[in-house]
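Observations on the model geometry
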Amino acid sequence: MGFDAAGMADITREAGVSKGTIYVYFDGKDELFEALMDRERERMFGDIAAALEVPGHTVDRLRTYGQTLTRLLCSTTVIQAHRIIIGISSRKPQIGAAFYEKGARRGLALLRQFLDREIAAGRILPCDSGRAAQHYIELCLAGLFRQRLLAHLPKPPSEAQIASNVDAALQMFCALHLPEVQNHGH
(Lines give C-alpha, C1' and ligand atoms only; values in the text may rest on other atoms or scores of the structure.)
Protein backbone atom coordinates (compact mmCIF):
# COMPACT_ATOMS: atom_id res chain seq x y z
CA MET A 1 0.00 0.00 0.00
CA GLY A 2 2.86 2.36 0.71
CA PHE A 3 3.36 4.51 3.77
CA ASP A 4 0.87 7.25 2.90
CA ALA A 5 -1.96 4.92 1.91
CA ALA A 6 -1.65 2.63 4.92
CA GLY A 7 -3.67 3.63 7.96
CA MET A 8 -3.38 2.35 11.50
CA ALA A 9 -6.33 0.03 10.86
CA ASP A 10 -4.42 -1.57 7.98
CA ILE A 11 -1.28 -1.86 10.08
CA THR A 12 -3.01 -3.41 13.09
CA ARG A 13 -4.91 -5.84 10.86
CA GLU A 14 -1.66 -6.95 9.17
CA ALA A 15 0.07 -7.26 12.56
CA GLY A 16 -2.83 -9.16 14.07
CA VAL A 17 -3.24 -6.76 17.02
CA SER A 18 -5.93 -4.34 18.07
CA LYS A 19 -5.68 -0.59 17.56
CA GLY A 20 -5.83 -0.16 21.32
CA THR A 21 -2.78 -2.35 21.76
CA ILE A 22 -0.72 -0.47 19.20
CA TYR A 23 -1.75 2.92 20.62
CA VAL A 24 -0.45 1.87 24.04
CA TYR A 25 3.04 1.88 22.53
CA PHE A 26 2.84 4.39 19.66
CA ASP A 27 0.99 7.66 19.07
CA GLY A 28 0.58 6.92 15.38
CA LYS A 29 2.13 5.39 12.32
CA ASP A 30 4.92 7.99 12.17
CA GLU A 31 6.14 6.96 15.62
CA LEU A 32 5.72 3.27 14.77
CA PHE A 33 7.71 3.74 11.55
CA GLU A 34 10.50 5.57 13.43
CA ALA A 35 10.66 2.76 16.01
CA LEU A 36 10.97 0.15 13.27
CA MET A 37 13.69 2.20 11.57
CA ASP A 38 15.54 2.58 14.89
CA ARG A 39 15.52 -1.17 15.47
CA GLU A 40 16.80 -1.98 11.99
CA ARG A 41 19.37 0.83 12.13
CA GLU A 42 20.86 -0.53 15.39
CA ARG A 43 21.41 -3.92 13.77
CA MET A 44 23.06 -2.30 10.77
CA PHE A 45 25.28 -0.07 12.88
CA GLY A 46 26.52 -3.14 14.73
CA ASP A 47 27.64 -4.62 11.40
CA ILE A 48 29.24 -1.37 10.25
CA ALA A 49 31.08 -0.76 13.53
CA ALA A 50 32.36 -4.34 13.54
CA ALA A 51 33.76 -3.84 10.03
CA LEU A 52 36.10 -1.14 11.35
CA GLU A 53 37.38 -3.47 14.06
CA VAL A 54 38.51 -6.37 11.87
CA PRO A 55 42.17 -7.21 12.32
CA GLY A 56 44.61 -5.97 9.75
CA HIS A 57 45.95 -2.93 8.03
CA THR A 58 43.99 0.32 7.79
CA VAL A 59 43.26 -0.45 4.13
CA ASP A 60 41.81 -3.86 5.02
CA ARG A 61 39.51 -2.31 7.60
CA LEU A 62 38.43 0.46 5.23
CA ARG A 63 37.74 -2.15 2.53
CA THR A 64 35.61 -4.26 4.88
CA TYR A 65 33.80 -1.14 6.10
CA GLY A 66 33.19 0.10 2.54
CA GLN A 67 31.86 -3.24 1.36
CA THR A 68 29.63 -3.65 4.42
CA LEU A 69 28.29 -0.11 4.12
CA THR A 70 27.66 -0.36 0.39
CA ARG A 71 25.96 -3.74 0.74
CA LEU A 72 23.68 -2.41 3.50
CA LEU A 73 22.82 0.92 1.90
CA CYS A 74 22.05 -0.69 -1.45
CA SER A 75 19.92 -3.42 0.14
CA THR A 76 16.23 -3.55 -0.70
CA THR A 77 15.24 -2.79 2.91
CA VAL A 78 17.33 0.39 3.12
CA ILE A 79 16.37 1.56 -0.36
CA GLN A 80 12.67 1.15 0.49
CA ALA A 81 13.14 3.09 3.72
CA HIS A 82 14.90 5.93 1.87
CA ARG A 83 12.09 6.09 -0.67
CA ILE A 84 9.52 6.34 2.11
CA ILE A 85 11.51 9.05 3.91
CA ILE A 86 11.91 11.07 0.72
CA GLY A 87 8.15 10.88 0.16
CA ILE A 88 7.35 11.96 3.72
CA SER A 89 10.00 14.68 4.08
CA SER A 90 8.29 17.36 2.03
CA ARG A 91 5.25 17.23 4.36
CA LYS A 92 7.05 16.24 7.57
CA PRO A 93 10.63 17.50 7.37
CA GLN A 94 11.30 16.58 11.00
CA ILE A 95 11.03 12.89 10.07
CA GLY A 96 13.59 13.30 7.28
CA ALA A 97 15.90 15.28 9.56
CA ALA A 98 15.66 12.64 12.30
CA PHE A 99 16.32 9.88 9.76
CA TYR A 100 19.48 11.71 8.65
CA GLU A 101 20.68 12.42 12.19
CA LYS A 102 20.19 8.85 13.39
CA GLY A 103 21.55 7.26 10.22
CA ALA A 104 23.85 9.08 7.81
CA ARG A 105 25.21 11.58 10.31
CA ARG A 106 25.85 8.87 12.90
CA GLY A 107 27.56 6.69 10.29
CA LEU A 108 29.73 9.59 9.23
CA ALA A 109 30.74 10.21 12.86
CA LEU A 110 31.65 6.53 13.28
CA LEU A 111 34.02 6.60 10.31
CA ARG A 112 35.41 10.00 11.34
CA GLN A 113 36.28 8.61 14.79
CA PHE A 114 38.05 5.66 13.20
CA LEU A 115 40.01 8.00 10.91
CA ASP A 116 40.94 10.21 13.88
CA ARG A 117 42.38 7.16 15.68
CA GLU A 118 44.31 6.17 12.56
CA ILE A 119 45.65 9.73 12.17
CA ALA A 120 46.75 9.78 15.82
CA ALA A 121 48.57 6.46 15.28
CA GLY A 122 50.33 7.85 12.18
CA ARG A 123 48.68 5.40 9.80
CA ILE A 124 46.75 8.14 7.97
CA LEU A 125 48.12 11.56 7.12
CA PRO A 126 46.66 14.50 9.06
CA CYS A 127 43.52 15.78 7.35
CA ASP A 128 39.97 16.97 7.91
CA SER A 129 38.69 13.56 9.03
CA GLY A 130 35.04 14.57 8.66
CA ARG A 131 35.52 15.53 5.03
CA ALA A 132 37.70 12.46 4.35
CA ALA A 133 35.00 10.21 5.85
CA GLN A 134 32.29 11.84 3.78
CA HIS A 135 34.34 11.51 0.60
CA TYR A 136 35.14 7.86 1.25
CA ILE A 137 31.50 6.98 1.91
CA GLU A 138 30.34 8.76 -1.23
CA LEU A 139 33.05 7.12 -3.32
CA CYS A 140 32.05 3.66 -2.06
CA LEU A 141 28.43 4.32 -3.07
CA ALA A 142 29.22 6.11 -6.37
CA GLY A 143 27.18 4.78 -9.26
CA LEU A 144 25.29 2.25 -7.15
CA PHE A 145 23.21 3.94 -4.46
CA ARG A 146 21.46 6.51 -6.65
CA GLN A 147 20.74 3.90 -9.32
CA ARG A 148 19.18 1.68 -6.66
CA LEU A 149 17.22 4.54 -5.12
CA LEU A 150 15.74 5.56 -8.47
CA ALA A 151 15.03 1.96 -9.56
CA HIS A 152 17.51 2.05 -12.43
CA LEU A 153 19.31 -0.84 -10.77
CA PRO A 154 16.37 -3.06 -9.76
CA LYS A 155 18.37 -5.50 -7.61
CA PRO A 156 21.14 -4.97 -5.10
CA PRO A 157 24.59 -4.85 -6.71
CA SER A 158 26.56 -8.08 -6.88
CA GLU A 159 29.48 -8.72 -4.57
CA ALA A 160 31.78 -8.16 -7.56
CA GLN A 161 30.22 -4.75 -8.27
CA ILE A 162 30.53 -3.78 -4.60
CA ALA A 163 34.15 -4.94 -4.43
CA SER A 164 35.03 -3.05 -7.61
CA ASN A 165 33.41 0.17 -6.34
CA VAL A 166 35.09 -0.06 -2.96
CA ASP A 167 38.49 -0.87 -4.48
CA ALA A 168 38.22 2.25 -6.69
CA ALA A 169 37.21 4.32 -3.63
CA LEU A 170 40.19 2.93 -1.70
CA GLN A 171 42.62 3.80 -4.49
CA MET A 172 41.51 7.43 -4.38
CA PHE A 173 41.41 7.56 -0.59
CA CYS A 174 44.85 5.97 -0.20
CA ALA A 175 46.44 8.26 -2.80
CA LEU A 176 45.52 11.23 -0.61
CA HIS A 177 45.64 9.91 2.92
CA LEU A 178 48.11 7.04 3.37
CA PRO A 179 51.72 7.96 4.16
CA GLU A 180 53.23 4.91 2.47
CA VAL A 181 51.41 5.66 -0.78
CA GLN A 182 52.55 9.29 -0.77
CA ASN A 183 56.11 8.37 0.20
CA HIS A 184 56.42 5.74 -2.54
CA GLY A 185 54.53 7.62 -5.26
CA HIS A 186 52.00 4.82 -5.89
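Heads up: the structure comes first, above all this text.
Heads up: these notes are all about the structure in this document. Please read all numbers here as calculations on a predicted model, not as lab measurements.

Rules of the game
Residues numbered from 1 in each chain as written. Predicted model: local features only at pLDDT ≥ 70, side-chain atom pairs only at ≥ 80, totals over all residues. Heavy atoms only, no water. Helix = DSSP H or I, 4+ residues; strand = E, 2+ residues; numbered from the N terminus. Contact = heavy atoms within 4.5 Å. Areas by Shrake-Rupley, 256 points an atom, 1.4 Å probe, with all protein chains shown as cover. Lys, Arg positive; Asp, Glu negative; His and termini not counted. Charge placed at Lys NZ, Arg CZ, Asp CG, Glu CD. Core = buried A, V, L, I, M, F, W, Y, C linked by side-chain atoms within 4.5 Å. Buried < 20%, exposed > 50% of the residue type's maximum accessible area, 1.4 Å probe, protein only. Salt bridge = Lys/Arg side-chain N within 4 Å of Asp/Glu carboxyl O. Polar contact = N/O pair within 3.5 Å; in protein donor to acceptor, adjacent residues only side chain to side chain. Disulfide = S-S within 2.5 Å. Axes fitted to C-alpha atoms, helices over the stretch in contact; angles between N-to-C directions. Parallel < 35°, antiparallel > 145°, perpendicular 65-115°, else oblique. Nonpolar A, V, L, I, M, F, W, Y, C, P; charged D, E, K, R; others polar.

This part covers the overall build of the chain. The number of helices and strands found in the chain is 10 helices and 0 strands. Once the C-alpha set of the chain is aligned to its principal axes, its extents read approximately 65 × 35 × 30 Å. Of the contacts formed within the chain by residues at least 6 apart in sequence, a portion of 66% connects residues at least 24 apart. Element-wise, carbon and sulfur atoms account for 57% of the exposed surface of the chain, whose accessible area totals about 10,500 Å². For the chain, the distance from the average position of its 22 positive side-chain charges to the average position of its 21 negative side-chain charges is 3 Å.

Residues Leu62, Tyr65, Leu111, Leu115, Tyr136 and Phe173 are the most contacted members of the largest nonpolar core, which totals 35 residues. Elements with a minimum of two residues in this core: helix 3 (29-51), helix 4 (58-73), helix 5 (76-89), helix 6 (93-120), helix 7 (129-141), helix 8 (145-149) and helix 9 (159-177). Residues within four places of Leu111 in sequence aside, it is in contact with Leu52, Leu62, Tyr65, Ala133, Tyr136 and Ile137.

By the element assignment, Gly107 lies in helix 6. Note on Gly107: relative accessible area 12%, which makes it buried. Residues Gly107 and Asp38, 69 residues apart in the sequence, show an inter-C-alpha distance of 14 Å.

A few words now on the side chain of Arg148. With respect to the helices, strands and loops of the structure, Arg148 is situated in helix 8. Buried and unpaired, Arg148 has no salt bridge, with Glu159 as the nearest side chain of opposite charge at 12 Å. A polar contact of 3.2 Å, which involves the side chain of Arg148, links it to the backbone oxygen of Leu153. In this structure, Arg148 is in contact with Cys74, Ser75, Thr76, Ile79, Arg83, Leu153, Pro154, Lys155, Pro156 and Pro157, ignoring residues within four places of it in sequence.

Bringing the state of the cysteines into the picture now. Taken as a whole and assessed by the stated rule, the structure comprises 0 disulfides. Take Cys127: it sits in no disulfide, and the sulfur closest to it among the cysteines is that of Cys174, at 12 Å. By relative accessible area, which is 29% here, Cys127 ends up partly exposed. Of all cysteine sulfurs, the one in Cys140 lies closest to Cys174, which takes part in no disulfide; the gap is 11 Å.

Taken N-terminus to C-terminus, the directions of helix 3 and helix 6 make an angle of 10°; their axes are 11 Å apart at the nearest point. Looking at the two axes, helix 3 sits roughly parallel to helix 6. On the side of helix 3, the interface is formed by Asp30, Glu34, Met37, Asp38, Arg41, Glu42, Phe45, Ile48 and Ala49, while helix 6 contributes Ile95, Ala98, Phe99, Lys102, Gly103, Arg106, Gly107 and Leu110. Class assignment for the residues of the contact of helix 3 with helix 6 results in 8 nonpolar, 2 polar and 7 charged.

For an α-helix, the turn length of 3.6 residues means that residues three or four places apart are oriented alike. Of the positions making up helix 1 (residues 8-15), those classed as buried are Met8, Asp10 and Thr12. Where helix 1 is buried, its residues touch helix 2 (19-25) and helix 3. Gly16 lies just past helix 1 and shows a positive phi near 75°.

For Leu144, the location among the structural elements is in the loop between helix 7 and helix 8. A relative accessible area of 5% places Leu144 in the buried class. If near-sequence neighbours (up to four positions away) are discounted, Leu144 is found in contact with Thr70, Cys74, Leu153, Pro157, Gln161 and Asn165.

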